[in-house]
Amino acid sequence: MVLIGYEIKMDIRKLLEIEEDSKILDFKFEVLDIPMWLPIRFQVYQDIINHYAKLDNPHIRVNLFKMPFKKKLDYFIKTLKKHPFRDRKVDILIFGAGINNVLEGGKYYNRLYDHLFKILDGLLLIESSSKFSYPTPRHLNEIYYEDIIGIFSSLYSKFCNTSLKDRQNIQNFISYISNRLQFLGYKDVIDTTNYLYILEKMSKKIKLRSKLYNKLLKTLKPKAIIVEDAHYFERIDLITIAKRSDIRVVEYQHGLINENHLAYNFSEGIVNKVKDYSPDEMLFWGEYWAERAKIPGIKVIVGFPYIEIKSKYYKQKNKSKSLKRILLCSSGTIPEKYIEFGEKILKTLGKEKYEYVFRPHPSERPSVYDRYSALLNIGYQLDNYNLYESLSNADFVISLEPTTVLYEAVKFCDTVINLILTSSSSLYFSNEILPFLTANTVEECLEYITKENLSVNRDFIDSIFYPKYEEAWQYWRSSI
């Protein structure tokens, strides 16, 4: 690793050396024989990257007990009322996330999954809340909530102890991983005692949670389950139970994937040894993403219905010609850099020809006024509208981070720029073929903005978002 100013040059894939020794999978929980490495795997990698690249966590935590009483009551009522333990049978059970909902016509629409109900049959969607809140009202009414499983599992964990066997295995594993990190030069980078706490907490929680997942699967009898973020292994007990019950486990792409995204890339040492705990299949938006993932499961191209529908709709819309709109999109890891960059381009370009809009990452919204008041105070408009409408109304889309928005923006906007001014972009986008423009300095970015007739590369857009999604999804459905 080489420090250049505040930027770090680092080969992220070298971190996979940590798991090259398959012994890392030998330390297991008593429940389901789940390897302890997998639930903390991505966090270990991200902690090391965050340390060197000096990145913040975009996921702002919300304390349930500090929420207003009315919001807490609403959360608990909806959780109980819409629990998923229903006496019915489904073919495909989806475990999704509430954060994927967007507001359309006064109702919320899950951009990943809702459209699947129009082209496939036998589906049921179970969502987790977004920071203890459920986006309502919904376009899709028949939807249930997963949080009740987490609530009861967390409560149960507070009244039980970690088993002696798990406690010893956890201590042995922490000793092993500490030695491994020290050998590879990362020992002083992260505090492994944090992982001990996480694993002890999980050891207690999955005792009940695994039983609840097992009960749910036996009640609904799905032939397949689609699990969001499955390769992060946060629901590894659900995945393991389903696979042992001959239920197909699938993950559907929800965001950016490349060779440096280590949730979707495994070392040679373990890639074929984690099949019992990872999805049987991964469904991708296009070949572009599939080629950049090294996973144990089968890769299937199905497209992204929502972006295809919206790109056709917004092509009919006309942008305002009075001012050129600059849309600055955050992913939440470097807020101070957005303020620094945002202030500089506004001061340089002025307000006579341009208007400035800032879009925070969805997880930043609870603290957006604390984080970005400096931008809002100098004239930036805050954008929390439908992403694709915002992209279609922009003349320039800019991000300082690796983000899915840059790829999505290519479908809607002619000038899309990733300013590789910070560690995060240079780390994740090294040696990548990209459809958008890249700039290495603020000055180069400003040249792109002021240059006439500049456009993104759409030559391989169909490999990023496969357009024939309907027939692809139906073909996949026929295999269930």
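Engineer: So what's going on with the environment of Tyr356? Residues and values would help.
Structural biologist: Position of Tyr356 relative to the elements: it lies in strand E13 (residues 354-359). Residue classification places Tyr356 among the buried residues on the basis of a relative accessible area of 2%. In sequence terms Tyr356 and Gly342 are 14 residues apart; their C-alpha atoms lie 8.6 Å from each other. With near-sequence residues (within four places) excluded, Tyr356 lies in contact with Ile326, Ile345, Leu346, Leu349, Gly350, Lys351, Gly379, Tyr380 and Gln381.

Engineer: Could you give an account of the sheet that holds strand E9 (residues 248-252), naming the residues involved and the relevant values?
Structural biologist: In spatial order, the strands read E7-E6-E3-E8-E9-E10-E11; together these seven strands make up an open sheet with parallel pairing. Each of the sheet's edge strands pairs with one partner strand only, and the pair in question is strand E7 (143-145) and strand E11 (298-301). Strand-to-strand twist across the sheet, computed as the mean angle between neighbouring axes with direction ignored, equals 25°. Bridge count between strand E3 (residues 92-97) and strand E8 (residues 224-227): four bridges; the pairing is parallel. Its bridge partner lying in E8, Ile92 is registered against Ala224. Helix H6 (residues 193-220) contacts E3, strand E6 (123-128) and E8 of the sheet and is inclined by roughly 140° relative to E3.

Engineer: I'd love a proper account of the side chain of Lys78, names of residues and values included.
Structural biologist: Inspection of the secondary structure assignment puts Lys78 in helix H2 (residues 69-81). A polar contact is formed between the side chain of Lys78 and the side chain of Thr136, at a distance of 2.8 Å. The residues touching Lys78, leaving out its near neighbours within four places in the chain, are Tyr134, Thr136 and Tyr145.

Engineer: Give a detailed account of helix H7 (residues 236-244), specifying residues and quantitative values.
Structural biologist: The element H7 is largely enclosed, with a buried count of eight among its nine residues. When we look at burial in H7, the residues that qualify are Ile236, Asp237, Leu238, Ile239, Thr240, Ile241, Ala242 and Lys243. Tucked inside the fold, the buried residues of H7 contact helix H1 (37-53), E3, H6, E8 and E9. Positive backbone phi, approximately 60°, marks Asp246, located one or two places after H7.

Parameters and conventions
Residues numbered from 1 in each chain as written. Predicted model: local features only at pLDDT ≥ 70, side-chain atom pairs only at ≥ 80, totals over all residues. Heavy atoms only, no water. Helix = DSSP H or I, 4+ residues; strand = E, 2+ residues; numbered from the N terminus. Buried < 20%, exposed > 50% of the residue type's maximum accessible area, 1.4 Å probe, protein only. Contact = heavy atoms within 4.5 Å. Pairing = 2+ DSSP bridges. Axes fitted to C-alpha atoms, helices over the stretch in contact; angles between N-to-C directions. Polar contact = N/O pair within 3.5 Å; in protein donor to acceptor, adjacent residues only side chain to side chain.

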